[in-house]
Number of protein chains: 2
Amino acid sequence: MKGIRQLAEHLAISIGTVSRALNGKPDVNEETRRRVLAAAEALGYVANQSGRSLRQGETRVIGLMIESSAEAVENADNFFLGVTSGLQSVFARHKLDLVMLPCPSDEDPHEYLKRMVARRIVDAMIISNTQRIDRRIGFLSRAEIPFVAVGRSLSASNSRWIDLDFEGVADRAVERLVARGHRRIAITAPLSEVNLGYVFVESYRRALERHGIRFDPSLVIRVKSSEQGGYQAAHELLLLPDRPTAIILIYELMAIGLYRRLMESGVMPGRDLAVIGFRDAPRARFLQPSLSCFRMSLYDLGIALGQMLLAHMPAYRVLYPNAGRNIIWPLELVSGESDAFEVGRGDKEFASEHWSK
Amino acid sequence: MKGIRQLAEHLAISIGTVSRALNGKPDVNEETRRRVLAAAEALGYVANQSGRSLRQGETRVIGLMIESSAEAVENADNFFLGVTSGLQSVFARHKLDLVMLPCPSDEDPHEYLKRMVARRIVDAMIISNTQRIDRRIGFLSRAEIPFVAVGRSLSASNSRWIDLDFEGVADRAVERLVARGHRRIAITAPLSEVNLGYVFVESYRRALERHGIRFDPSLVIRVKSSEQGGYQAAHELLLLPDRPTAIILIYELMAIGLYRRLMESGVMPGRDLAVIGFRDAPRARFLQPSLSCFRMSLYDLGIALGQMLLAHMPAYRVLYPNAGRNIIWPLELVSGESDAFEVGRGDKEFASEHWSK
């Protein structure tokens, strides 16, 4: 990589002149400017925009930490690639760049984050996949690195986050199923300590209680957040002694595996069992019968995340006076055929008969 | 962010002692070490591992440049997330980290790359989506930044790349279709200047000629590399005057849109038209009838890419003496039902009849 010094030596003119030519200053004659720019291109001159050692540790780069486990990859629905475009549309206005930091699956996320911060390549961070207790939050606070989290956490007392409206999803799903006569409603939950699992199950419990239905822990089916997890969930549901008539899923791709396992047993979603999926996902759009689920704009979420982060960076705070507050991000119900099955109109008998085979 | 100086001041002990305690040197007593580590944690001490201004511009970070257009996101099948795990397994051995650099869709990739290099956050680069003429390659060469490309390019005379075996895919697909009696074989190609489009069409042309079939440019259907592009390809194919009896796809998700458009017209893949897809993709695995396509391991591709890059970095070259050569990455045929349709056994009449409706 050639710098300004090598360029000046090559051209046998002063560093000052080279600098003025490169920066488009008016006091350089046209011929010199042309020579400088041609040499810069030919020699592979790279302006040093890092300047970290000179200024206040500024890199003008924002990091987005994501997971890169084999499971996340096989199952990922590009959630964060979708969010990226929205983030970039905000950062571009301020000439900030976004880089994605994929934490390897065999590494502790807290240790990974510490190392990436030590590498001093980012000015601020967006973290995701927040755990119920998440040491990254305390670390970033103490290190005084501006950050926002995708997902709440018990550790997030003073920090900022945007989280999906798991309460709203659980409420709407339970309400819709109860209106169709369901009382035995199962739910899936993640095996991990990811915080959203706690929020989702608690919201479901409260929604049931509002409808006078007692919470039954045996109806909380804990599986991996993946297609395979959906398959496993269906398997466990089919083995339950007093089988539920409905199930609510927590992860978008679970529906694919769940459908497969149900159909292997001759149980048709929407006819024999009501299914409500989580987020609308391109891969799940081809399911037959079509899946009732929830929709949101990843692009808009990216914009809100970007604005919230800037609202917590000293240099940009004043530009985003209203973007500093935590947000519960709404999802909109997309009505499909998978929860058409109603209980108490003769269907229940059909379903029970079917299952007792 | 607190550094070692602030830590020493806070503890009122020398910087040397703090440094020895943090680095686990034996000449520090246990009590002092404990105090230092506790203060480091409490104050948010961050080791400065960047050291770019002190050493030779080393960041120990490798950049992987990807595209982040809305279309790439909606359609992406996590190709690069899949490659990431393999790359990281190689880089981790040398304590190198990988960051992903998503180039916004409205930005010129060459300008984006120049800016990211100027930010001095990476020691080496992996670029993808190589164009037929790709200015990034000359830029990185002149700037003396080690790099490898996913995809060949006319610009890549002296640089290193790994590319998928488009020739092999075109050969196998044409051979298989010709053996089943097909002579009118259509192919899809990208609208963009991405180099793989040229390689794929040229390979198809040569494969046809080996079987004595004249290349007909009207059978090259240029569409976007997306689900929507597949839908459009089927639409154009159905309008062709002397309709082809088979089609070969260049992009994994095209099959989904193609199936949809064909079925809307009552044309069943595998029965009325032979279809051979490109890469096996999780989203396309649910197609009925099952898709004949090609399989490869993204993880293994990541390992090979990582090793090739290290073989071109001065500090690691000696460790990877055999990883420096360009690679054409093989894909394995996965036989499905989508190309079961044979011509010349009565089926052709059926198909023609069907289409003339």
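On a predicted model such as this, the values are computed, not experimentally measured, just so you know.

### Considering the sheet that holds strand S9 (residues 274–279) of chain A
All names here are of chain A.
Then comes step 1: Read across the open sheet, the six strands follow the order S7-S6-S8-S9-S10-S12; overall the sheet is mixed. The strands lining the two open edges of the sheet, one partner per strand, are strand S7 (220–223) and strand S12 (332–334). Pairs of neighbouring strands in the sheet enclose a mean axial angle of 20 degrees, with direction left out of account.
Then comes step 2: Of the strand pairs in this sheet, strand S8 (residues 246–248) and S9 are connected by three bridges, and their pairing is parallel. Opposite Ile 248, over in S9, you have Ile 276 as the bridge partner.
Then comes step 3: The strands touched by helix H9 (residues 195–210) within the sheet are strand S6 (185–190), S7 and S8, with S6 carrying the most contacts at an inclination of about 165 degrees.

### Some points on helix H11 (residues 254–264) of chain B
Residues and elements named next belong to chain B.
Then comes step 1: The buried count for H11 comes to eight of eleven residues, which makes it a mostly enclosed element.
Then comes step 2: When we look at burial in H11, the residues that qualify are Met 254, Ala 255, Ile 256, Gly 257, Leu 258, Tyr 259, Arg 261 and Leu 262.
Then comes step 3: As for H11, its buried residues are in contact with strand S6 (185–190), strand S7 (220–223), helix H10 (227–239), strand S8 (246–248) and strand S9 (274–279).
Then comes step 4: In the segment just after H11, Gly 266 is the residue with positive phi, at about 75 degrees.

### What about the packing of helix H5 (residues 79–91) of chain B against helix H12 (residues 298–310) of chain B?
Residue and element names in this part refer to chain B.
Then comes step 1: Viewed as axis vectors pointing N to C, H5 and H12 meet at an angle of 50 degrees, and their least axial separation amounts to 7 Å. In terms of orientation, H5 lies oblique with respect to H12. Between H5 and H12 lies a crossing of right-handed hand. Contacts from Phe 79, Gly 82, Val 83, Ser 85, Gly 86, Leu 87, Ser 89, Val 90 and Phe 91 in H5 reach Leu 298, Tyr 299, Leu 301, Gly 302, Ile 303, Leu 305, Gly 306, Gln 307, Leu 309 and Leu 310 in H12.

### Digging into the nonpolar core
Then comes step 1: Residues Phe 91, Ile 126 and Tyr 204 of chain A together with Phe 91, Ile 126 and Tyr 204 of chain B are the most contacted members of the largest nonpolar core, which totals 178 residues.
Then comes step 2: Apart from the residues lying within four places of it in its own chain, the contact partners of Tyr 204 of chain A are Ala 170, Val 174, Ile 185, Ala 186, Ile 187, Phe 215, Leu 219, Val 220 and Ile 248 of chain A.
Then comes step 3: Ranked by size, the runner-up nonpolar core spans 44 residues in total, among them Val 117 and Phe 139 of chain A together with Val 61 and Val 117 of chain B.

### Observations concerning unusual backbone geometry
Then comes step 1: Following Gln 288 of chain A, the chain continues into Pro 289 of chain A via a peptide bond in cis, with omega recorded as -5 degrees.
Then comes step 2: The topology assignment puts Pro 289 of chain A in the loop between S9 and strand S10 (292–295).
Then comes step 3: In this model, Glu 144 of chain B sits at a positive phi of 55 degrees, which is unusual for a non-glycine residue.
Then comes step 4: Counting through the fold element by element, Glu 144 of chain B comes out in the loop between helix H7 (135–142) and strand S4 (147–150).

### Examining the packing of aromatic side chains
Then comes step 1: Taken as a whole and assessed by the stated rule, the structure comprises eight aromatic pairs over all chains.
Then comes step 2: Plain terms: the ring middles of Phe 166 of chain A and Phe 200 of chain A are 6.1 Å apart, the flat faces sit at 70 degrees to each other, and that makes the pair edge-to-face. You can see Phe 166 of chain A sitting in helix H8 (residues 166–179) and its partner Phe 200 of chain A sitting in helix H9, a full 34 residues away along the chain. Here Phe 166 of chain A and Phe 200 of chain A have matching classes, each one buried.
Then comes step 3: Consider the rings of Phe 200 of chain A and Phe 278 of chain A, whose centres lie 6.1 Å apart with planes at 75 degrees: the pair is edge-to-face. Of this pair, Phe 200 of chain A sits in helix H9 while Phe 278 of chain A sits in strand S9, placing them 78 residues apart in sequence. Judged on exposure class, the residue Phe 200 of chain A and its partner Phe 278 of chain A are both buried.
Then comes step 4: The residue whose ring lies beneath Arg 132 of chain B is Tyr 198 of chain B, and the NZ or CZ to ring-centre distance is 3.9 Å.

### What to know about the pairing of strand S1 (residues 61–67) of chain B
All names here are of chain B.
Then comes step 1: Counting buried residues in S1 gives six out of seven residues, a clear majority hidden from the surface.
Then comes step 2: Where S1 and strand S2 (residues 97–103) come together, seven bridges link them in parallel fashion. Bridge assignment links Glu 67 to a residue of S2, and that residue is Cys 103.
Then comes step 3: Direction of pairing for S1 relative to strand S3 (residues 124–127): parallel, over a ladder of three bridges. When the bridges of S3 are listed, Leu 64 appears paired with Ile 126.

Conventions used here
Residues numbered from 1 in each chain as written. Chains lettered and ligands numbered in written order. Predicted model: local features only at pLDDT ≥ 70, side-chain atom pairs only at ≥ 80, totals over all residues. Heavy atoms only, no water. Pairing = 2+ DSSP bridges. Helix = DSSP H or I, 4+ residues; strand = E, 2+ residues; numbered from the N terminus. Axes fitted to C-alpha atoms, helices over the stretch in contact; angles between N-to-C directions. Contact = heavy atoms within 4.5 Å. Buried < 20%, exposed > 50% of the residue type's maximum accessible area, 1.4 Å probe, protein only. Parallel < 35°, antiparallel > 145°, perpendicular 65-115°, else oblique. Left-handed = near helix turned anticlockwise from the far one by under 90°. Core = buried A, V, L, I, M, F, W, Y, C linked by side-chain atoms within 4.5 Å. Phe/Tyr/Trp six-rings, centres within 6.5 Å; stacked < 30°, edge-to-face > 60°. Lys NZ or Arg CZ within 6 Å of the ring centre and 35° of its normal.

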